[in-house]
Amino acid sequence: MSANLFNYLLKLGDDRVVMGQRMAEWCGVGPILEEDVALTNLCLDFIGQGVSLLGKAGEIEGLGRNEDSLAFFRDDMEYKNTLLVEQPNGDFAQTIAKLFFFSTFDIIFLNELTKSKDEYLTAFAIKSLKEAKYHFRHSSNWFLRLGDGTEESNTRLQNAIDNLWLFTDELFDMDEADLELVNLGIAVDLNIVKAQWLEKMNEFFTLSKVKPTNPDCFMIKGGRKGIHTEHLGKMLAEMQILPRTYPDAQW
Amino acid sequence: MENNKETQWNLWEVFVQTKTGAPHEHWGSVHAPDAELALQNARDVYARRQKLWSVWVVPSNAIIATKLDDNEPFFDPQDDKVYRHPLFYKIPKGVSLDVS
């Protein structure tokens, strides 16, 4: 049971650490100062959530690992994030599409998680839901403006959707350990989340004048099992080099 | 300047209320393509480190301001004319100062 919960927390935490690191890559190179600040604010939200989840995971594992050791001293094959979040930022449209897919998932998921029987997860969900609502507001507003904007912004968003769509279904994957936690009332049944997520997507695709060219395409998965695309290793190399070179470095 | 206009979004002035009932105070400005994103940008720039109660954004070009040239005619308080100040007037005897 505690091994199941440890793995569950890792999956949730790794999604957020990787989302946060990707948003951090916009720092100083955002398309305009205000959006630069907005994206790095989101980064800090995701990193904060990741710190909490990985810290709790380390505590439950009981082997003396904390959030830093879990974030900086695991290799890509030990990371359990979905493939979607590790995809490169690409242009602004791709960043927004990824953020929109993930934050829409997040508001539905966290809302379900507030009903968890695990006290920590309930508290985490209530706190993070406030942040996720803003992430959704910001990303959905941009999603609409890019889709229903100029010919170029529409084309870029359309390309972004087609680049990312095949990674989205993994957000709703559950393995046997997850299902045990669902039956105990601790984890969220992602089938419920998926139905609501698809509904939201269709609503916004209509409004934004974009949609996946091939919505029923083959869905690529593997991140939850540690089988990642080539992009995660490069991202982690940059993220982890400092603590691995100077393990006792302090701010 | 002409080039700037094409690459920058419109400017919005940001007014912030830190608690209910307090006045909205001018805190600065942000660039944004429209009102909703101006609110979001104001939130991201100004509301991150302090709890706020309410934020207004106003298109900067909607503000009508005085010019430096206006200063003399607008703002000379004419305090050389003593009768413009209430203290110039003597209170007649018999008028009670106690207003409570």
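Residues numbered from 1 in each chain as written. Chains lettered and ligands numbered in written order. Predicted model: local features only at pLDDT ≥ 70, side-chain atom pairs only at ≥ 80, totals over all residues. Heavy atoms only, no water.

> Quick question: what am I supposed to make of helix H2 (residues 35-46) of chain B here?
Residue pairs spaced three or four apart in an α-helix point in one direction, given the helix's 3.6 residues per turn. All names here are of chain B. In this model H2 runs 16 Å from its N-terminal to its C-terminal C-alpha over 12 residues, within 8% of the 16 Å that 1.5 Å per residue would give. Within the sequence span of H2, burial applies to Leu 37, Ala 38, Gln 40, Asn 41, Ala 42, Asp 44 and Tyr 46. For H2, the side-chain oxygen to backbone nitrogen distance between the N-cap and Glu 36 is 3.4 Å, and the N-cap itself is Asp 34. (Helix = DSSP H or I, 4+ residues; strand = E, 2+ residues; numbered from the N terminus. Expected span 1.5 Å × (residues − 1). Buried < 20%, exposed > 50% of the residue type's maximum accessible area, 1.4 Å probe, protein only. Polar contact = N/O pair within 3.5 Å; in protein donor to acceptor, adjacent residues only side chain to side chain.)

> Just checking my understanding: could you explain the sheet that holds strand S3 (residues 54-59) of chain B for this structure?
Sheets are built from strands paired through backbone hydrogen bonds, the pairs being either parallel or antiparallel. Residues and elements named next belong to chain B. If you walk across this open sheet you meet the three strands as S2-S1-S3, and the pairing is antiparallel. The open sheet has two edge strands, strand S2 (25-32) and S3, and neither has a second partner. Taken over all neighbouring pairs, the strand axes of this sheet differ in orientation by 30 degrees on average, direction set aside. As defined by bridge partners, strand S1 (residues 10-17) adjoins S2 across seven bridges and the pair is classed as antiparallel. If you follow Leu 11 over to S2, its bridge partner there is His 31. Running at roughly 120 degrees to S2, H2 makes contact with S1, S2 and S3 of the sheet. (Pairing = 2+ DSSP bridges. Axes fitted to C-alpha atoms, helices over the stretch in contact; angles between N-to-C directions. Contact = heavy atoms within 4.5 Å.)

> Please explain the pattern of salt bridges as it appears in this structure.
Pairing between side chains of opposite charge can happen when their charged atoms approach one another. Residues and elements named next belong to chain A. In total, this model carries 21 salt bridges over all chains according to the counting rule given. For Arg 224, the salt bridge identified is with Asp 15, shortest N-O distance 3.0 Å. Residue Arg 224 is located in the loop between helix H9 (190-208) and helix H10 (230-245), and its partner Asp 15 is located in helix H1 (residues 2-24); the two are separated by 209 residues in the primary sequence. Both residues of the pair, Arg 224 and Asp 15, belong to the buried class. As a salt-bridge pair, Glu 59 and Lys 56 come within 3.3 Å of each other at their nearest N and O atoms. Of this pair, Glu 59 and Lys 56 both sit in helix H2 (residues 33-61), three residues apart, roughly one helical turn. (Salt bridge = Lys/Arg side-chain N within 4 Å of Asp/Glu carboxyl O.)

> What should I look at first to understand the packing of H1(A) against H2(A) in this one?
Residue and element names in this part refer to chain A. Running from N to C, H1 and H2 point in directions that differ by 160 degrees, and their axes come no closer than 7 Å. Relative to H2, H1 is oriented roughly antiparallel. In the crossing of H1 with H2, the sense of the turn from one axis to the other is left-handed. Per-class residue counts for the contact of H1 with H2 are 17 nonpolar, seven polar and four charged. (Parallel < 35°, antiparallel > 145°, perpendicular 65-115°, else oblique. Left-handed = near helix turned anticlockwise from the far one by under 90°. Nonpolar A, V, L, I, M, F, W, Y, C, P; charged D, E, K, R; others polar.)

> Explain the state of the cysteines to me, please; I cannot follow it from the model alone.
Here a disulfide denotes a covalent bond joining the sulfur atom of one cysteine to the sulfur atom of another. Residue and element names in this part refer to chain A. Throughout the structure, instances matching the rule amount to zero disulfides over all chains. Cysteine Cys 43 remains unbridged, with the sulfur of Cys 27 as its closest cysteine sulfur at 7.8 Å. Residue classification places Cys 43 among the buried residues on the basis of a relative accessible area of 8%. (Disulfide = S-S within 2.5 Å.)

> What should I look at first to understand the environment of A:Leu164 in this one?
Residue and element names in this part refer to chain A. Among the structural elements, Leu 164 can be located in helix H7 (residues 151-164). For Leu 164 and Lys 98, which are 66 residues apart along the polypeptide, the C-alpha to C-alpha distance reads 7.2 Å. Apart from residues lying up to four places away in sequence, Leu 164 is in contact with Leu 84, Gln 87, Gln 94, Ala 97, Lys 98 and Phe 101.

> Looking at this structure, how should I read the nonpolar core?
Soluble globular proteins: nonpolar side chains tend toward being buried together. Residue and element names in this part refer to chain A. In terms of nonpolar packing, the biggest core is built from 85 residues, with Tyr 8, Phe 101, Phe 105, Phe 109, Leu 113, Leu 121 and Phe 143 touching the most fellow members. With 14 residues, helix H5 (residues 92-113) is the largest single contributor of residues to this core. Once residues within four sequence positions are removed from consideration, Tyr 8 is found in contact with Phe 109, Leu 113, Leu 121, Asp 178, Leu 181, Ala 187 and Val 188. (Core = buried A, V, L, I, M, F, W, Y, C linked by side-chain atoms within 4.5 Å.)

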